[in-house]
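Letter by letter, the chains look like this.
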Amino acid sequence: MRRTTATPADLARRAGGGRIPSQPGPRGAENLTEVDAVTQDGHTHPGPAVTPDGPTGPGPAVTPDGPTGPGPTAVSDARTGRRTTTAAATGRPAPESAAAPDRSTDPGSVIPGAGPERPTVRLREAGADEPPRYAPEWLQLREGADASARALDLLDPLRIRLANLPGRPGGAVVHDLGCGTGSMGRWLAPRLDGAQHWVLHDRDPYLLHFAAVASPRAAADGSRVTVETRRGDVARLTPDALAGASLVTASALLDVLTREEVETLAAACAGAGCPALLTLSVAGRVELTPADPLDEEIAAAFNAHQRRDGLLGPDAVTVAAEAFADRGATVKIQPSPWRLGPAEAALTAQWLRGWVGAAVEQRPELAARAEHYLAARLAACAAGDLHVTVHHSDLLALPRPTGGHR
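An account of the accompanying structure is given in this report. (Residues numbered from 1 in each chain as written. Predicted model: local features only at pLDDT ≥ 70, side-chain atom pairs only at ≥ 80, totals over all residues. Heavy atoms only, no water.)

## Points about the pattern of salt bridges
Part 1: Evaluation of the coordinates by the stated rule reveals 11 salt bridges.
Part 2: With its nearest N and O atoms 2.9 Å apart, the salt bridge here joins Arg159 to Asp156. Here Asp156 and Arg159 lie together in helix α4 (residues 155–163), a separation of 3 residues that amounts to about one turn.
Part 3: Its relative accessible area of 49% is what places Asp156 among the partly exposed residues.
Part 4: In this structure, Arg363 engages Glu365 in a salt bridge whose closest nitrogen and oxygen atoms are separated by 2.8 Å.
Part 5: Judged by its relative accessible area of 27%, Arg363 is partly exposed.
Part 6: Residue Glu365 is classed as exposed on the basis of its relative accessible area of 52%.
Part 7: In the salt-bridge network here, residues are joined through shared partners; they are Glu297, Arg363, Glu365 and Arg369. (Salt bridge = Lys/Arg side-chain N within 4 Å of Asp/Glu carboxyl O. Helix = DSSP H or I, 4+ residues; strand = E, 2+ residues; numbered from the N terminus. Buried < 20%, exposed > 50% of the residue type's maximum accessible area, 1.4 Å probe, protein only.)

## Regarding helix α3 (residues 136–149)
Part 1: Taking 1.5 Å of rise per residue, the 14 residues of α3 would be expected to cover 20 Å, and the 20 Å separating its terminal C-alpha atoms lies within 8% of that figure.
Part 2: Along α3, the largest kink reaches about 40° and is centred on Glu143.
Part 3: Buried within α3 we find Pro136, Glu137, Trp138, Leu139, Leu141, Arg142, Glu143, Ala145, Asp146 and Ala149.
Part 4: Looking at the buried positions of α3, the neighbouring elements they touch are α5 (183–188), α6 (205–213), β10 (276–289), β11 (330–335), β12 (338–340) and α10 (345–362). (Expected span 1.5 Å × (residues − 1). Bend = angle between axes of the 7 residues up to and from the residue. Contact = heavy atoms within 4.5 Å.)

## Some details on the pairing of β10
Part 1: As defined by bridge partners, strand β9 (residues 247–251) adjoins β10 across 4 bridges and the pair is classed as parallel. Looking across to β10, one finds that Thr249 is bridged to Leu277.
Part 2: Here 9 bridges tie β10 to strand β13 (residues 387–398), and the two strands are oriented antiparallel to one another. Each bridged residue has a counterpart across the sheet, and for Thr289 the counterpart in β13 is His387. (Pairing = 2+ DSSP bridges.)

## A short note on the packing of aromatic side chains
Part 1: Here the structure, examined in full by the defined rule, presents 3 aromatic pairs.
Part 2: Judged by centre distance (5.2 Å) and plane angle (90°), the ring pair of Tyr206 and Phe210 falls under edge-to-face. Residue Tyr206 and its partner Phe210 are located together in helix α6, separated by 4 residues, close to a single helical turn. Comparing Tyr206 with Phe210, the two get one shared label, buried.
Part 3: Considering the side-chain rings of Trp351 and Trp355, the 4.8 Å spacing of their centres and the 20° angle between planes classify their relative orientation as stacked. Separated by 4 residues within a single helix, Trp351 and Trp355 lie in helix α10, roughly one turn from each other.
Part 4: Above the face of the Trp187 ring, Arg150 is positioned so that its terminal group lies 5.5 Å from the ring centre. (Phe/Tyr/Trp six-rings, centres within 6.5 Å; stacked < 30°, edge-to-face > 60°. Lys NZ or Arg CZ within 6 Å of the ring centre and 35° of its normal.)

## Brief notes about the side chain of Ser246
Part 1: Tracing the backbone shows Ser246 in the loop between β8 (225–231) and β9.
Part 2: Owing to a relative accessible area of 1%, Ser246 belongs among the buried residues under this scheme.

## Brief notes about the nonpolar core
Part 1: Counting residues in hydrophobic clusters, the biggest one holds 34 residues, and the most contacted among them are Leu288, Ile298, Trp338, Trp351, Leu352, Trp355 and Val356.
Part 2: Within the residue set of this core, elements represented by two or more residues are α3, β10, α8 (295–306), β12, α10, α11 (367–383) and β13.
Part 3: Non-local contacts of Leu352, meaning those with residues more than four positions away in its chain, are made with Leu288, Leu374, Arg377, Leu378 and Leu386. (Core = buried A, V, L, I, M, F, W, Y, C linked by side-chain atoms within 4.5 Å.)

## Looking at α11
Part 1: Along its 17 residues, α11 runs 24 Å from first to last C-alpha, staying within 8% of the 24 Å computed at 1.5 Å per residue.
Part 2: Taken as a whole, α11 has its buried residues at Ala370, Tyr373, Leu374, Ala375, Arg377, Leu378, Ala379, Ala380, Cys381 and Ala383.
Part 3: Once α11 finishes, Gly384 follows within two positions and takes phi at roughly 80°, a positive value.

## Describing the side chain of Arg230
Part 1: Residue position: Arg230 is located in strand β8.
Part 2: Under the relative-accessibility criterion, Arg230 is labelled buried at 13%.
Part 3: Of the polar contacts made by the side chain of Arg230, one reaches the side chain of Glu228; its length is 2.8 Å. (Polar contact = N/O pair within 3.5 Å; in protein donor to acceptor, adjacent residues only side chain to side chain.)

## Remarks on the packing of helix α7 (residues 259–272) against helix α9 (residues 316–326)
Part 1: Contact geometry of α7 with α9 gives a least axis separation of 9 Å together with a crossing angle of 35°. Crossing of α7 over α9 shows right-handed handedness. Listed contacts from α9 to Arg259, Val262, Glu263, Leu265, Ala266 and Cys269 of α7 are Val319, Ala320, Ala323 and Phe324.
Part 2: For the contact of α7 with α9, the class distribution of residues is 8 nonpolar, no polar and 2 charged. (Axes fitted to C-alpha atoms, helices over the stretch in contact; angles between N-to-C directions. Left-handed = near helix turned anticlockwise from the far one by under 90°. Nonpolar A, V, L, I, M, F, W, Y, C, P; charged D, E, K, R; others polar.)

Function cannot be inferred from these measures alone, as they are strictly geometric.
Here you go:
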């Protein structure tokens, strides 16, 4: 039963107070590890990756450099590596005990990544490398909301397209861009029939480690699912880079791309005849209940922050739909909102801090009012009285098949 004796100030203090945090910066390099091989006992050890036939049997060779540039490539059979949880059933990643400490409910800090989304993979060369900016705790915290939000209505047309692809010995090949801890694979692979091989792309070897050890074991019909991790940026993405791909996926990626990068992605997918399922792009609309007079002003400042430096932010889905359609693809768009209530209080509190913090970073003159606003919102969140809808959109692009296939 909820306590009713606490004052709003008490609740704000319990929720970390209304102090507006600085925007989360990159994690230090000392927290990163190279991707290690996933062994049959479910642990990781330095050395060659496990192939689908085991550590000593035949299987695909492991090369230090993949098509996306230098970086380790780890291949594992998702059925041979023991998992600490059944990730496909729970919808959450299964980090090993050596993972970073859980900061998802730490009232005094913002988990890196909880503010405006930032890319963990790039589509072209962009000068000096930026360090990774996501903590696995944030990706784990949001995974349940992401899974509930993703548009199921896009799966039937996707299944039809995949079923009409010519048969491949290893099954469908799925490239997941900016995979993070692999949540898209955990959600999608068990919803598709047939053998699948997932190629997980990310700049952060720490996140790739999580993605590898928590990958799904089997498809919807029990067929084998394997996974390959590729560290590095997807530089100058071309149809050749997607040769043999059955599908490209990404989550929360479009809105952190420029128009040029979206055009590059659409051209590569169209050139390869490869469908793209691009989910959870911000739509620029947020609804908070109960309402507050400052809601719209904070939202507008946040949207302006999302559009800085030429990034598309809330315009991303419209731009992407046009880019794919201009290249002959059939485009379908469905809403995929987060609906956050008392059960998602930890996620809501982290999202609030990042959302308000980005707004103030964009418009510093909001700071004084926003600090009181954030304190009140966190108090309502801690009391179970706040409900938030964060609107996103999912996009499915079905380019014309290449090579005479229908």
